Structures are given as structure tokens and as C-alpha cells.
Amino acid sequence: MKAVLNVVVLISGRGSNLKAILDARDPLIAVRAVISNRADATGLFHAQVANIPTAVLEHAQFANREAFDNALSELIDSFAPDVVVLAGFMRILSPAFVQHYAGRLINIHPSLLPEFKGLNTHQRVLEAGCRYHGATVHYVTEELDSGAILAQAQLEVLAEDTPDSLAARVLTLEHQLYPMVLRRLAEDKLNQ
Ligand code: GRF
């Protein structure tokens, strides 16, 4: 079989990063499945258009976080991914889940980590008067937005920027950054 990086992408919403990964059409990247924890995630459409299997696992259907995470990891593992890509997946994952995918679970976050972990990053960057802002792809560890950094992309904050304009500009960076990082991980796999 052709050597590729097998990827499962987890989403909760619009899936524009998923779309960017699919649109890159990188021959070294094989998205084996897209899984959402919300049935109404519009991003599922991007997978369907690309003929990629999709699944919805609604967390509300499970008794607790552990039960959901167990079912989720069983489903993910059925696609045997090298890497699990969080792309706007809005769930805190249990320590057991994170440990199970140690070194194989990555996320994209809209700030220059370690600055501005958590939500509302664009608003907070403006309030803090930062000159630079950007996006980070990092490994996921038990502590939120704190794992080792794989890559970052940066922009200069403009005097006229609003949270919305920053969000749009950072998102454009994300769409370049995520496919680039996956490409690098694929090359690493091939060189092993
Ligand atoms: C992005 O801003 C990403 O940084 C954050 O969630 C958002 C996902 O957007 N983790 P999309 O669903 O990929 O469009």
C-alpha cells in the first residue's frame, strides 16, 4: 500500500480547517474519517463532498465524559489513524483519552501560544494591545492548550482591527498552517 499519513479529523462546527486540509489534496495525507460530536456541524458537508466517511457521536447521548470518550476512541481507532486532528472540536477530552493518543493528537488554536490559551483570543489580544497575533498547531496534552508546539503563523495587529477582522485574518493563516504541519508529519513518517 502507498505510504501516507492516515488521519481522522474531529470537528464540532463549520469545519473550515477540515476544508483547507481536504482542498490541499496532499497525496501524502489520507483523511480516513471525519467525526463530529454535533449532528448539525456544517463541516460534515465538506467530508461528504470529498467522499470521506463521516460519523456523528453526540456527547449528550452518553452518561458522562468517560463514556463518550471511550466510544469516541473506539470509533477513531477503527480507522487506524497515525494522527488525530482536532479542527474546531469543542470538547474537553479526558486524561485517559489524551494519554491514549499521546504524540498523535494535534490541535489548532487561534493565538500565539503560550499566550492566550482558552476562548475569545481575538478580543483578548486587542484588549492587551498586542502587536502580534496568530495561530498555533500543537500536540494535545492533559493541560488545555499547553502541549508542545509544532508550528505557528503570525500576523501584525493593525490599528483598525476588530475581533471579527482578526478572527478572519487568523483563520486564513490557520488554513495554510494546518495542511503544512500535516505534510511535515507525513514526511516524518516516510523518513522513519
Ligand atoms: C478555529 O479558529 C480554530 O483555531 C479553533 O476553532 C476554530 C475552528 O474553525 N480551534 P473551523 O471549524 O475549522 O472553521
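To start, this report covers the structure provided alongside it. Quick caveat, the model's predicted, so the values are computed rather than measured. (Residues numbered from 1 in each chain as written. Predicted model: local features only at pLDDT ≥ 70, side-chain atom pairs only at ≥ 80, totals over all residues. Heavy atoms only, no water.)

**Considering the overall build of the protein chain**
Along the protein chain, the regular secondary structure elements total six helices and seven strands. The linear arrangement of helices and strands in the protein chain, starting from the amino end, is β-α-β-α-β-α-β-α-β-α-β-β-α. Seen through its C-alpha atoms, the protein chain measures out along the principal axes to roughly 50 × 40 × 30 Å. In the protein chain, of all internal contacts separated by at least 6 residues, the share reaching a separation of at least 24 is 64%. Carbon together with sulfur atoms contributes 52% to the accessible area of the protein chain, which is approximately 9700 Å² in total. The centroid of the 16 positive side-chain charges in the protein chain is displaced by 5 Å from the centroid of its 21 negative side-chain charges. (Helix = DSSP H or I, 4+ residues; strand = E, 2+ residues; numbered from the N terminus. Contact = heavy atoms within 4.5 Å. Areas by Shrake-Rupley, 256 points an atom, 1.4 Å probe, with all protein chains shown as cover. Lys, Arg positive; Asp, Glu negative; His and termini not counted. Charge placed at Lys NZ, Arg CZ, Asp CG, Glu CD.)

**So, the packing of helix α1 (residues 16-23) against helix α6 (residues 163-190)**
Following both chains from N to C, one finds α1 and α6 inclined at 50 degrees, their axes separated by 9 Å at the closest point. Of the possible angle classes, the one that applies to α1 and α6 is oblique. Considering only the axes of α1 and α6, their crossing is right-handed. Facing Ser16, Asn17, Ala20 and Ile21 of α1, the residues of α6 in contact are Leu171, Glu174, His175, Tyr178, Pro179 and Leu182. (Axes fitted to C-alpha atoms, helices over the stretch in contact; angles between N-to-C directions. Parallel < 35°, antiparallel > 145°, perpendicular 65-115°, else oblique. Left-handed = near helix turned anticlockwise from the far one by under 90°.)

**Section: the pairing of strand β1 (residues 5-11)**
Of all seven residues making up β1, seven are buried, and the element is well covered by its neighbours. The two faces of β1 match: Leu5, Val7, Val9 and Ile11 on one face and Asn6, Val8 and Leu10 on the other face are all buried. Pairing of β1 with strand β2 (residues 29-36) involves seven bridges; the strand directions are parallel. When the bridges of β2 are listed, asparagine 6 appears paired with alanine 30. Viewed along the sheet, the connection from β1 through α1 into β2 turns out right-handed. Here β1 pairs with strand β4 (residues 83-86) via four bridges, running parallel. Considered in β4, the bridge of valine 8 is made with valine 84. (Buried < 20%, exposed > 50% of the residue type's maximum accessible area, 1.4 Å probe, protein only. Pairing = 2+ DSSP bridges. Right-handed = clockwise from strand over helix to strand, strands pointing away.)

**A look at the nonpolar core**
Of all hydrophobic cores here, the largest spans 38 residues; its most connected members are Val9, Val34, Val85 and Ile106. Each residue touching valine 34, except ones within four places of it in the same chain, is listed here: Val9, Ile11, Leu18, Leu44, Ala47, Ile52, Pro53, Thr54 and Ala55. The next biggest cluster of nonpolar side chains, apart from the first, holds 18 residues, and it includes Phe68, Val84, Leu86 and Tyr101. (Core = buried A, V, L, I, M, F, W, Y, C linked by side-chain atoms within 4.5 Å.)

**Considering the sheet that holds strand β6 (residues 132-139)**
Reading across the sheet, the seven strands line up as β3-β2-β1-β4-β5-β6-β7 and stay open at both edges, with mixed pairing between neighbours. The sheet is open, and its two edges are formed by β3 (54-56) and β7 (149-156), each paired on a single side. The mean inter-strand angle of the sheet, taken between neighbouring strand axes irrespective of direction, is 20 degrees. This element, α6, spans β1, β2, β4, β5 (105-109), β6 and β7 of the sheet and lies at about 150 degrees to β7.

**Here's the deal with the site of the ligand**
Near the ligand you find Arg14, Gly15, Ser16, Asn17, Gly88, Ile108, His109, Pro110 and Glu174, and these make up its full shell. The side chain of serine 16 places a nitrogen or oxygen atom 2.5 Å from an oxygen atom of the ligand. A distance of 2.8 Å is found between an oxygen atom of the ligand and a backbone nitrogen or oxygen belonging to asparagine 17. Contact with the protein chains hides 85% of the accessible area of the ligand, taken as 370 Å² for the molecule alone. For the shell around the ligand, the secondary-structure elements that each account for two or more residues are α1 and β5. A breakdown of the residues in the shell around the ligand according to their chemical character gives two nonpolar, five polar and two charged. (Near = heavy atom within 4 Å. Polar contact = N/O pair within 3.5 Å; in protein donor to acceptor, adjacent residues only side chain to side chain. Nonpolar A, V, L, I, M, F, W, Y, C, P; charged D, E, K, R; others polar.)

**Some words on the pattern of salt bridges**
Going through the model one piece at a time under the given rule, you end up with seven salt bridges. As a salt-bridge pair, aspartate 23 and lysine 19 come within 2.6 Å of each other at their nearest N and O atoms. Taken together, the residues span about one helical turn, with aspartate 23 and lysine 19 both in helix α1 at a distance of four residues. Through salt bridges that share partners, Asp26, Arg183 and Glu187 make up one connected network. (Salt bridge = Lys/Arg side-chain N within 4 Å of Asp/Glu carboxyl O.)

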